[in-house]
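Letter by letter, the chains look like this.
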2 protein chains.
Amino acid sequence: MKKIGWIGTGVMGKSMCIHILKNGYPLSVYNRTKEKAGELCKEGAAWLATPGDVAAASDVTFTMVGEPADVEQVILGKGGVLARSRPGSVIVDMTTSEPSLARRIYEEAKGKSVSSLDAPVSGGDIGAREGTLAIMAGGDEEAFKRVLPVFELMGKNIAYMGGPGMGQHTKMSNQIVIAAAMVGVVESLLYARRAGLDLDAVIDIIGKGAASSWCLNQLGRRIVKGDFAPGFYIRHFVKDMGIALLEARRMKLSLPGLALANQFYIAAMAEGLETEGTQALYKVLDRLNRP
Amino acid sequence: MKKIGWIGTGVMGKSMCIHILKNGYPLSVYNRTKEKAGELCKEGAAWLATPGDVAAASDVTFTMVGEPADVEQVILGKGGVLARSRPGSVIVDMTTSEPSLARRIYEEAKGKSVSSLDAPVSGGDIGAREGTLAIMAGGDEEAFKRVLPVFELMGKNIAYMGGPGMGQHTKMSNQIVIAAAMVGVVESLLYARRAGLDLDAVIDIIGKGAASSWCLNQLGRRIVKGDFAPGFYIRHFVKDMGIALLEARRMKLSLPGLALANQFYIAAMAEGLETEGTQALYKVLDRLNRP
């Protein structure tokens, strides 16, 4: 794993690339909006004209793009990453995307003697900046082991979860927990406020026992402060819940709690909260309960 | 606060009384089923024939009974705790009960120069045994301060939350968080199992980040092991959610996530899971998704 390629240098991708550069790996990059790669190029990354060019120059090519459709186009599209990947190289999609797409990429890559991993992350912009992301990977374990030293530059909790798609499935499990948890945190704080309680005092006491969670202790506190700035965009969360619901449907799995949370987050989109943090769900349920 | 009375020596009450006895306070007790107080009497507690007798003999009388109707009868009923309480004494209801009932008790007690606190707990049987309960109290702060040395024998996180009913409202806030969180944990594990993931490996990785919670890391693990033994009975949780929904309705507050969780727990009751732990919600959603 000497030469690294990276496609998608947004907020997350950029921070992850900086760890790679700082550790002395040669890095070539591509991004749809070239300007967003400017800082990385100043730090020593080589700009290449297309995703395919990046793949052709790399032993391992990472993608960190927006939607599953972007993943599909960048990796499987004509002249894209897979078309230009060298036999023996590895493609690592770190976008949160569809498990079924991860399996398709894996199969098509295999046909060209290229390895493929799905390795979505959790931990947000702060985790990316600090190199403390959780990374959950699916694919062949041998490929995982080859890429592990690079993962270790970006993350702290890194797990091999099984065959292709299993990284994505694990990320979906993560998002399903969070979706319902956020509904509970928001409803609890709405109740407490209506009852006339001091919300910080409530979190102080209930945030230590059976109700304790990252969502309550981190995002609940932000709600109390009226801080709805994004750690994680509502827009991205709605995308993720959509993938989870689609995959669940494919597995004939009914998840009513996730479906309800998803509907409230869609209402958040309707209210123009796309680029606020997931804790802005509070505004939706607050408005539901106003004269 | 020299002489202590205790009404309701079930699993929780008994453990709490043992801390009181071990610290040398004189204790008189009453329980509907006398046998359940036997061990306490061997440890030095005095059995009295009625709740009123206990109140008449005590500077502070604790109640830890079943439902709000039991609280009402024991405290406000004819010849009950309030009728026999001495002026200057304190009544402390530690049952999870209705905030509006706590306010009624407070007002009626005030009329007789008796103080009243609502002080429900969280932490379950283990917290009671180890003296690590969270105690959230409402009422007059002066009365809270007088009882605090006794609370400190039973709990670790002890908070004065405001006027009468505020302890109960805080407990409801706690239960609202947990209700939705449990739906998320259960749906996530169902999804992960259906996807073919190793569930312990999933909790290992997602249980450290934004999805982390006591419910996931404690009860999720028990679900994976197939351990549905009660830390907290489904029957009691359904009672608590009923109180929260009733109070929310009184405040004209719509809580759809809580309502959904409540329905699934009612389905758990229908399946005969009353005395299993709250994590047995897994069985309900598992059955929903079987051929």
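Residues numbered from 1 in each chain as written. Chains lettered and ligands numbered in written order. Predicted model: local features only at pLDDT ≥ 70, side-chain atom pairs only at ≥ 80, totals over all residues. Heavy atoms only, no water.

Student: Please clarify how the interface of chain A and chain B should be interpreted in this entry.
Tutor: How big an interface is tends to be stated in terms of accessible area lost as the parts join. Listed per partner, the contact involves 59 residues of chain A and 59 residues of chain B. Of the roughly 4700 Å² buried between chain A and chain B, counting both surfaces, carbon and sulfur atoms make up 70%. Between chain A and chain B we count zero salt bridges in total. One can count 16 residue pairs in polar contact (both at pLDDT 80 or more) joining chain A with chain B. For the side of chain A that touches chain B, the secondary structure elements donating two or more residues are strand 8 (133-139), strand 9 (155-162), helix 9 (166-195), helix 10 (199-206), helix 11 (214-225), helix 12 (234-250), helix 13 (256-270) and helix 14 (281-288) of chain A. If one sorts the elements of the side of chain A that touches chain B by residue count, helix 9 of chain A sits on top with 21 residues. Class assignment for the residues of the side of chain A that touches chain B results in 40 nonpolar, 14 polar and five charged. (Contact = heavy atoms within 4.5 Å. Buried area = accessible area lost by both parts, 1.4 Å probe. Salt bridge = Lys/Arg side-chain N within 4 Å of Asp/Glu carboxyl O. Polar contact = N/O pair within 3.5 Å; in protein donor to acceptor, adjacent residues only side chain to side chain. Helix = DSSP H or I, 4+ residues; strand = E, 2+ residues; numbered from the N terminus. Nonpolar A, V, L, I, M, F, W, Y, C, P; charged D, E, K, R; others polar.)

Student: Any chance you could explain the packing of aromatic side chains here in plain terms?
Tutor: We describe a pair of aromatic rings using the distance from one ring centre to the other and the angle between the two ring planes. Evaluation of the coordinates by the stated rule reveals 14 aromatic pairs over all chains. Between Phe144 of chain A and Tyr160 of chain A, the aromatic rings sit 5.4 Å apart at their centres with planes inclined by 40°, giving tilted as the arrangement. With Phe144 of chain A in helix 8 (residues 141-154) and Tyr160 of chain A in strand 9, this residue pair connects regions lying 16 residues apart in the sequence. On the basis of relative accessibility, which here comes to 26%, the residue Tyr160 of chain A falls in the partly exposed class. Between Phe144 of chain B and Phe151 of chain B the ring centres are 6.0 Å apart and the planes differ by 40°, which places this aromatic pair in the tilted class. Accessibility assignment for this pair places Phe144 of chain B and Phe151 of chain B in one class, buried. Among the aromatic residues, ring-to-ring pairing joins Trp6, Phe62, Phe144, Phe151 and Tyr160 of chain A into one connected group. The ring of Tyr233 of chain A carries Arg235 of chain A above its face, with NZ or CZ at 5.2 Å from the centroid. (Phe/Tyr/Trp six-rings, centres within 6.5 Å; stacked < 30°, edge-to-face > 60°. Buried < 20%, exposed > 50% of the residue type's maximum accessible area, 1.4 Å probe, protein only. Lys NZ or Arg CZ within 6 Å of the ring centre and 35° of its normal.)

Student: Help me out: how do you make sense of the relation of the copies chain A and chain B in this one?
Tutor: Turning one copy of the chain about an axis and sliding it along that axis gives the other copy, so a rotation and a shift relate them. Mapping chain A onto chain B is achieved by rotating through 180° and translating by 0.0 Å along the same axis, at an RMSD of 0.0 Å. Taken together, these values place the two copies in the relation of a two-fold axis. Residues of chain A ranked by C-alpha distance from the rotation axis are headed by Ser213 of chain A, positioned 1.9 Å from it. By residue overlap, the copies meet face to face through one surface: 100% of the interface positions of chain A are interface positions in chain B. (Least-squares fit on C-alpha atoms with pLDDT ≥ 70 in both.)

Student: I would appreciate a short explanation of the nonpolar core in the present structure.
Tutor: When a protein is soluble and globular, its nonpolar side chains tend to lie buried together. Tyr191 of chain A together with Tyr191 of chain B are the most contacted members of the largest nonpolar core, which has 109 residues in total. With residues up to four places along the chain from it excluded, the contact list for Tyr191 of chain B reads Pro99, His169, Met172, Ser173, Ile176, Ala244, Glu247, Ala248, Met251, Leu253 and Leu255 of chain A. (Core = buried A, V, L, I, M, F, W, Y, C linked by side-chain atoms within 4.5 Å.)

Student: Can you help me understand the domain arrangement of chain A in this one?
Tutor: Residue and element names in this part refer to chain A. In terms of domain boundaries, chain A breaks down into domain 1 (4-163) and domain 2 (169-288). Here the C-alpha centre of domain 2 lies 29 Å away from the C-alpha centre of domain 1. Taken together, the contact pairs 16 residues of domain 1 with 13 residues of domain 2. Between domain 1 and domain 2, a total of about 1100 Å² is buried, with carbon and sulfur atoms accounting for 58% of that surface. Its largest share of buried area at the contact with domain 2, domain 1 owes to Thr96, Pro99 and Met136, together 40% of the area lost on that side. At the junction of domain 1 and domain 2, the tally comes to one salt bridge. Among the salt bridges present, the one from Glu98 reaches Arg250, with a minimum N-O distance of 3.7 Å. (Domains from an automatic or database assignment.)

Student: Can you help me understand the side chain of Thr170 of chain A in this one?
Tutor: Position of Thr170 of chain A relative to the elements: it lies in helix 9. On the basis of relative accessibility, which here comes to 0%, the residue Thr170 of chain A falls in the buried class. Of the polar contacts made by the side chain of Thr170 of chain A, one reaches the backbone oxygen of Met166 of chain A; its length is 2.7 Å. If sequence neighbours within four positions are ignored, Thr170 of chain A has contacts with Met136 and Met161 of chain A together with Leu197, Ile205 and Ile206 of chain B.

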